[in-house]
Amino acid sequence: MNFSLSRNNIVSLAFASICLALFAYFPTRESVWEDVATMISFFVILPILYVIFILKESVREFDLSIPHFTKVFALSTCFALLVVVLYAVAIFFSPYNESYITDISPVFQTFKGFTLYHVAFILPALVLVTFFSETFLRVLRLPRIYFLVFGGISFTLILISLLGLPPIASPIFALPFMILWYFKTENIYSLIFSVFIGILTYNVLIAKALLNSKI
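What counts, and at which threshold
Residues numbered from 1 in each chain as written. Predicted model: local features only at pLDDT ≥ 70, side-chain atom pairs only at ≥ 80, totals over all residues. Heavy atoms only, no water. Salt bridge = Lys/Arg side-chain N within 4 Å of Asp/Glu carboxyl O. Helix = DSSP H or I, 4+ residues; strand = E, 2+ residues; numbered from the N terminus. Buried < 20%, exposed > 50% of the residue type's maximum accessible area, 1.4 Å probe, protein only. Contact = heavy atoms within 4.5 Å. Polar contact = N/O pair within 3.5 Å; in protein donor to acceptor, adjacent residues only side chain to side chain. Axes fitted to C-alpha atoms, helices over the stretch in contact; angles between N-to-C directions. Parallel < 35°, antiparallel > 145°, perpendicular 65-115°, else oblique. Left-handed = near helix turned anticlockwise from the far one by under 90°. Nonpolar A, V, L, I, M, F, W, Y, C, P; charged D, E, K, R; others polar. Core = buried A, V, L, I, M, F, W, Y, C linked by side-chain atoms within 4.5 Å. Phe/Tyr/Trp six-rings, centres within 6.5 Å; stacked < 30°, edge-to-face > 60°.

Novice: Describe the pattern of salt bridges, with residues and values.
Specialist: Summed over the entire model, instances satisfying the criterion amount to three salt bridges. Arg 138 is the salt-bridge partner of Glu 134, the closest N and O atoms lying 2.3 Å from each other. One end of the pair, Glu 134, and the other, Arg 138, are both in helix H5 (residues 111-139), four residues apart, so they sit about a helical turn from each other. Looking at Glu 134, the relative accessible area reads 3%, which means it is buried. Judged by relative accessible area, Arg 138 falls into the partly exposed class, the value being 40%. Salt bridges sharing common partners tie together Glu 57, Glu 61 and Arg 141.

Structure follows, in structure tokens:
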């Protein structure tokens, strides 16, 4: 396994870390829309500018095409999906952060609120964070071990912090990333799909069983 880093790799990792720091400490994040705007700025716009003006690469390097269907791709995606769904169900029956239930309960009281929360916030957040943690890092051509560690940790910590989920929920984000990496089939769509279903499963259980909402 290649652990060596070139000068470009080191500079790129430093830049990616700066993007994460800017997102974490940006002072005006007081609403959902500010969160989304901040993610677009630091996880999409800045990385694209870095690739174009610093790395002198084309935006075509950001390959967002649908991957070719193969048996390995299908099986690994289904395996990742199954794992996160089972884990989401498991954490529902274990101790979790009561503040998450308190914060989210007003949104989950109605089907409209539940749907808007997932469609207007959860899904865009997953797309933006996955773009940064998977697609952008791939363009940097980091050694695979650094792609796994930096990308997986970034993907997990950003979403845990952003969505206000209890830390015990972190494998919902980390496991699909690691499973798909292991089978070398990781891509933005499989990650978004797997993780979204995991979050949705957990939140549906909360909405139905804890908040007695008609979801």
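Novice: Help me get a handle on the side chain of Thr 156, residues and values and all.
Specialist: Tracing the backbone shows Thr 156 in helix H6 (residues 144-163). Owing to a relative accessible area of 8%, Thr 156 belongs among the buried residues under this scheme. Residues in contact with Thr 156, not counting those within four places in the same chain, are Ser 170, Phe 173 and Ala 174.

Novice: Explain the side chain of Ser 154 to me, using residue names and the numbers behind them.
Specialist: Mapped onto the fold, Ser 154 is located in helix H6. At 2.7 Å, the side chain of Ser 154 and the backbone oxygen of Phe 150 are in polar contact.

Novice: Describe in detail the packing of H6 against helix H7 (residues 171-182), supporting the description with residues and values.
Specialist: Relative to each other, H6 and H7 sit at 160°, their axes nearing to 9 Å. Taken together, H6 and H7 sit at an angle that is classed as roughly antiparallel. The two elements H6 and H7 meet at a crossing, and its hand is right-handed. In this structure, H6 contributes Arg 144, Phe 147, Leu 148, Gly 151, Gly 152, Phe 155, Thr 156, Leu 159, Ile 160 and Leu 163 to the contact, and H7 contributes Phe 173, Ala 174, Phe 177, Met 178 and Trp 181. When its residues are assigned to classes, the contact of H6 with H7 shows eleven nonpolar, three polar and one charged.

Novice: So what's going on with the packing of H5 against H6? Residues and values would help.
Specialist: Helices that pack against each other are described as a pair by the angle of their axes relative to one another and the distance between those axes. Running from N to C, H5 and H6 point in directions that differ by 160°, and their axes come no closer than 9 Å. Relative to H6, H5 is oriented roughly antiparallel. Between H5 and H6 lies a crossing of right-handed hand. Residues Tyr 117, Phe 121, Ile 122, Ala 125, Leu 126, Val 129, Thr 130, Ser 133, Glu 134, Leu 137 and Arg 138 of H5 form the contact with H6, whose own contacting residues are Phe 147, Phe 150, Gly 151, Ser 154, Phe 155, Ile 158, Leu 159, Leu 162 and Leu 163. Per-class residue counts for the contact of H5 with H6 are 14 nonpolar, four polar and two charged.

Novice: Tell me about the nonpolar core, residues and numbers included.
Specialist: Judged by nonpolar contacts, the single largest core of 65 residues is most densely connected at Met 39, Phe 43, Phe 136, Phe 173 and Tyr 202. For this core, the secondary structure elements donating two or more residues are helix H1 (7-25), helix H2 (32-54), helix H3 (71-92), helix H4 (98-104), H5, H6, H7 and helix H8 (188-210). Top element by residues in this core is H5. It accounts for 13 residues. With residues up to four places along the chain from it excluded, the contact list for Phe 173 reads Phe 155, Thr 156, Leu 159, Ile 160, Leu 163, Leu 165, Val 195 and Ile 199.

Novice: Break down the packing of aromatic side chains for me, with residues and values.
Specialist: Taken as a whole and assessed by the stated rule, the structure comprises 16 aromatic pairs. Measuring from centroid to centroid gives 4.8 Å for Phe 23 and Phe 43, while their planes differ by 40°, and the two rings are tilted. Placement of Phe 23 in helix H1 and of Phe 43 in helix H2 is noted, with a sequence separation of 20 residues between them. Taking the relative accessible area as the measure of exposure, Phe 23 reaches 5% and is therefore buried. Seen from their ring centres, Tyr 182 and Phe 183 are 5.2 Å apart, and the 90° between their planes marks the pair as edge-to-face. Pairwise contacts between aromatic rings join Phe 15, Phe 23, Phe 43, Tyr 50, Phe 132 and Phe 136 into one cluster.

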